[in-house]
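Coordinate analysis (summary)
Here is what each chain is made of, one letter per residue.
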Amino acid sequence: MPDIPAVPYPPLSAAEGRNGIRKEYVHLGRSDMVLLTSWQREEDGEFSLSARWPAPAGGPAYDMRMLTQTVRQSGLTIAHAAYGAPLSDHTVLSYFDFTVAPGFAVPADAPCDLTVEVTVKNAKVRGNRVSSLDMDFRILRDGRLVARADSEFGWLSTRVYRRLRGEHFDVDWNAWPLPAPVEPRTVGRSTPVDVVLSAGDHPRHWQLRNDVDNAVLYDHPVDHVPGLALMEAAHQAANAALYPAPFEPTSVTSAFERYAEFDRPCWIEAETLPAAPGETSVVVTATQEGETVFRGRLSGPCG
């Protein structure tokens, strides 16, 4: 999964990192979506970061979008600050897996402070620059492990990325049709702008809707559907497939197989499968023109 193109910017030192994380450093255009507040190196390959989630606006016990953004921002910060990954390169993720402690919830009336521990398990170098980092993330609240994630971050130069993307390198931003959203409560969201699914032509089948007013997922113009938007689509599809039973995904696996483009419909389909006793598992697939672009599996208590 290609991530948001980086903005050229001088790397932060560890001392600067302790005083805050600049929005450019996590490839964002809006400061209010920077969830990290500091970082520091603990020892070789081990790092610690602080994060703060805003108070949730109702809905589920925690917002999966905050979790995935926290992991994404942590990986980018460590890659640029500690390993010198060029900010001018384009970040690529091929998978993103995480687990959440059952019953994890954040305060409903106050921000939530968290600690993110990162272990770099494998660093690959091409020439004199890092080409990929395999990282393990542990998210703690008040010293208790509440979530764990695993992903590999890689980088492509603009020259290579431009050649790879071809005619899709430049996008006419927000020029695509925006189909109507499904009812927000059926997908676990409270407002239409947060809904990324539009009704399809048969049950458990939807069209992805890319509403750029959804600032959590579409921070600034990009050349393809953000990977976190596809993960959010999987989360909403799983909720819709099981509605009205409440679903608490505690294990999520995600594989990004192709770029999802803005200029053609992207179809989301969900299938429920047997899981461990007391749990439900939903497999979600995203396709464009008959080709799979994303696969996800969400498992956890339901009902």
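Here, every reference points to the structure presented above.
Quick summary incoming for the structure in this document. (Residues numbered from 1 in each chain as written. Predicted model: local features only at pLDDT ≥ 70, side-chain atom pairs only at ≥ 80, totals over all residues. Heavy atoms only, no water.)

1. Considering the sheet that holds strand 9 (residues 251–256)
So the rule is basically this: Only strands that DSSP links by at least two bridges are regarded as paired with each other. Numbering of helices and strands runs from the N terminus, with a helix taken as a DSSP run of H or I at least four residues long and a strand as a DSSP run of E at least two residues long. Axis definition: a line fitted to C-alpha atoms, over the contacting stretch in the case of helices. Angles run 0 to 180 degrees between N-to-C directions. Contacts are assigned to residue pairs that have any heavy atoms within 4.5 Å of one another.
On the basis of which strands lie adjacent, the open sheet formed by twelve strands has the order 1-2-4-5-6-3-9-12-11-10-8-7 and antiparallel pairing. Each of the sheet's edge strands pairs with one partner strand only, and the pair in question is strand 1 (36–43) and strand 7 (197–199). Across the sheet, the mean angle from the axis of one strand to that of its neighbour is 25 degrees, orientation sign disregarded. As paired strands, strand 2 (residues 46–53) and strand 4 (residues 112–126) are joined by eight bridges and run antiparallel to one another. What sits directly across from Ser-50, in strand 4, is Thr-115. Against the sheet, helix 3 (residues 158–165) contacts strand 3 (90–100) and strand 6 (144–156), and its axis sits at roughly 85 degrees relative to strand 6.

2. Describing the packing of aromatic side chains
Filter applied, for reference: Any pair of Phe, Tyr and Trp rings, taking the six-membered ring for Trp, is counted once the centres come within 6.5 Å. Such a pair is stacked with planes under 30 degrees apart, edge-to-face with planes over 60 apart, and tilted for the rest. We call a residue buried when its accessible area falls under 20% of the maximum for its residue type, exposed when it is over 50%, and partly exposed in between, using a 1.4 Å probe and counting protein chains only. Distance and angle both matter: a charge sits over a ring if NZ of Lys or CZ of Arg is within 6 Å of the ring centre and within 35 degrees of the ring normal.
In this structure the tally under the stated criterion is twelve aromatic pairs. Relative to Phe-169, the ring of Tyr-161 lies with its centre 6.1 Å away and its plane at 65 degrees, an arrangement referred to as edge-to-face. Ring geometry for Trp-173 against Trp-176: centres 5.2 Å apart, planes inclined by 85 degrees, an arrangement best described as edge-to-face. When its relative accessible area of 10% is taken as the criterion, Trp-176 is described as buried. A network of ring pairs unites the aromatic residues Trp-39, Phe-47 and Tyr-83 as a single cluster. The residue whose ring lies beneath Arg-165 is Tyr-259, and the NZ or CZ to ring-centre distance is 4.3 Å.

3. Focus on helix 2 (residues 64–83)
The following threshold applies: Multiply 1.5 Å by the residue count of a helix minus one, and that product is the helix's expected span.
Here helix 2 is 20 residues long and its end C-alpha atoms lie 28 Å apart, about the 28 Å a rise of 1.5 Å per residue gives. Counting buried positions along helix 2 yields 19 of 20 residues, so the element is predominantly enclosed. Residue Gly-84 follows helix 2 closely and has a positive phi angle near 70 degrees.

4. Points about unusual backbone geometry
In this model, Tyr-243 is joined to Pro-244 through a cis peptide bond whose omega is 10 degrees. Relative to the assigned elements, Pro-244 resides in the loop between helix 4 (227–242) and strand 9. In this model, Arg-204 sits at a positive phi of 60 degrees, which is unusual for a non-glycine residue. Mapped onto the elements, Arg-204 comes out in the loop between strand 7 and strand 8 (205–208).

5. As for the pairing of strand 4
Two strands pair when backbone bridges link them, and strand 4 and strand 5 (residues 129–141) are joined in this way by eleven bridges, in the antiparallel orientation. Directly across from Val-120, in strand 5, lies its bridge partner Met-135. Linking strand 4 to strand 5, which pair antiparallel, is a turn of two residues; within it Gly-127 sits at a positive phi near 70 degrees.

6. Points about the pairing of strand 12 (residues 291–301)
Bridging between strand 9 and strand 12 involves six bridges; their strand directions are antiparallel. Within strand 12, the position partnered with Val-252 by the bridge is Leu-298. Bridge analysis of strand 11 (residues 279–288) against strand 12 gives ten bridges, and the strand direction is antiparallel. Along strand 12, the bridge assignment pairs Glu-279 with Pro-301. Hairpin connection, strand 11 to strand 12: the antiparallel pair is bridged by two residues, and Glu-289 has positive phi, about 50 degrees.

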